[in-house]
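Inside the fold
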Amino acid sequence: MDRVICTAGGRAFDPIDPDPAVIDLRDIAHALSFVPRFGGHSRLFYSVAQHSVLVRDLVAEQCAEDRILGAALLHDAAEAYLLDMPSPIKRSLPDYTAAEKRLQRIIETRYGVAQLSDAERALIKEADQIALIWEQRDIMPAVAWAELPSLDRPALDVWSPDVARQAFLTAADTHLNLEKAIA
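First, a word on what this report is: a plain description of the structure on this page. (Residues numbered from 1 in each chain as written. Predicted model: local features only at pLDDT ≥ 70, side-chain atom pairs only at ≥ 80, totals over all residues. Heavy atoms only, no water.)

**Re the overall build of the protein**
Secondary structure assignment for the protein yields eight helices and two strands. Secondary structure of the protein in N-to-C order comes out as β-β-α-α-α-α-α-α-α-α. A compact globule built from 183 residues should have a C-alpha radius of gyration of about 16 Å, and the protein, at 16 Å, falls within 12% of that. By residue count, 46% of the 183 residues in the protein fall in the buried class. The contacts in the protein between residues at least 6 apart in sequence include a share of 63% that link residues at least 24 apart. Looking at the protein as shown, the accessible area adds up to about 9600 Å², and 55% of this sits on carbon and sulfur atoms. Charge-centre separation for the protein: the mean point of 19 positive side chains lies 2 Å from the mean point of 28 negative side chains. (Helix = DSSP H or I, 4+ residues; strand = E, 2+ residues; numbered from the N terminus. Rg over C-alpha atoms; globule rule 2.2 N^0.38 Å. Buried < 20%, exposed > 50% of the residue type's maximum accessible area, 1.4 Å probe, protein only. Contact = heavy atoms within 4.5 Å. Areas by Shrake-Rupley, 256 points an atom, 1.4 Å probe, with all protein chains shown as cover. Lys, Arg positive; Asp, Glu negative; His and termini not counted. Charge placed at Lys NZ, Arg CZ, Asp CG, Glu CD.)

Below you can see the structure in the form of structure tokens.
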């Protein structure tokens, strides 16, 4: 019981040894809407939920398949339980990385988006990288990133946690078959 956390929905959840039946998309959306990107070191509060919707939107520019769009939306879902660890730190914590990968696969399996080809995963990764550049340009201090690749995108509008949570849930309802979520 020492690893169990209480979710926003009042569920007892062990993120190290997760029970798929306890994973709830409402908990994921809620938590991600309050988890800041970049460890909170941005000029404005910017949530992982908004980032996830942005990645989904970028993938949608190239693909209309709900399964892939659902996977794009959920690409950081494990961070709802394990938080968003900045990549330079994450790389030095192999146990954390292993736990995150395991939980991510369990979430993807629960919502039917685990079976992606390498090309489909690469599409999501590319969108994630574009989102990173966009976010760095618009919400991070300018001195933090010496030189960013050119990006022809409008300025990001930063959402409140409530707006981010609702956008995440709306996208999930559109792209994931929630009635058939595997327990």
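**Focus: the packing of helix α1 (residues 25–34) against helix α8 (residues 161–175)**
Where α1 meets α8, the axes come as close as 8 Å, and the angle between the chain directions of the two elements is 145°. Like other packed secondary-structure pairs, α1 and α8 cross with a definite hand, here right-handed. Residues Leu-25, Arg-26, Ile-28, Ala-29, His-30, Leu-32, Ser-33 and Phe-34 of α1 lie in contact with α8, whose contacting residues are Pro-161, Ala-164, Arg-165, Phe-168, Leu-169 and Ala-172. Its residues assigned to classes, the contact of α1 with α8 shows ten nonpolar, two polar and two charged. (Axes fitted to C-alpha atoms, helices over the stretch in contact; angles between N-to-C directions. Left-handed = near helix turned anticlockwise from the far one by under 90°. Nonpolar A, V, L, I, M, F, W, Y, C, P; charged D, E, K, R; others polar.)

**What to know about the environment of Arg-153**
By the secondary structure assignment, Arg-153 is in the loop between α7 (118–139) and α8. When its relative accessible area of 25% is taken as the criterion, Arg-153 is described as partly exposed. Expressed as a C-alpha distance, the spacing of Arg-153 and Asn-177, which sit 24 residues apart in the sequence, is 31 Å. Those residues in contact with Arg-153 that sit more than four places away from it in its chain are Leu-58, Glu-61, Trp-134 and Arg-137.

**Digging into the pattern of salt bridges**
Close approach of charged atoms allows side chains of opposite charge to pair. Scanning the model with the defined rule gives 16 salt bridges in all. In this structure, Arg-121 and Glu-108 form a salt bridge, with 3.2 Å as the shortest nitrogen-oxygen distance. Here Arg-121 is found in helix α7, whereas its partner Glu-108 is found in helix α6 (residues 94–110), with 13 residues between them in sequence. Accessibility expressed as a relative area gives 26% for Arg-121, which makes it partly exposed. (Salt bridge = Lys/Arg side-chain N within 4 Å of Asp/Glu carboxyl O.)

**Details of the packing of helix α3 (residues 66–73) against α7**
Where α3 meets α7, the axes come as close as 10 Å, and the angle between the chain directions of the two elements is 45°. On the basis of their axis angle, the class for α3 and α7 is oblique. Where α3 crosses over α7, the handedness of that crossing is right-handed. On the side of α3, the interface is formed by Arg-67, Ile-68, Ala-71 and Ala-72, while α7 contributes Glu-120, Leu-123 and Ile-124. Its residues assigned to classes, the contact of α3 with α7 comprises five nonpolar, no polar and two charged. (Parallel < 35°, antiparallel > 145°, perpendicular 65-115°, else oblique.)

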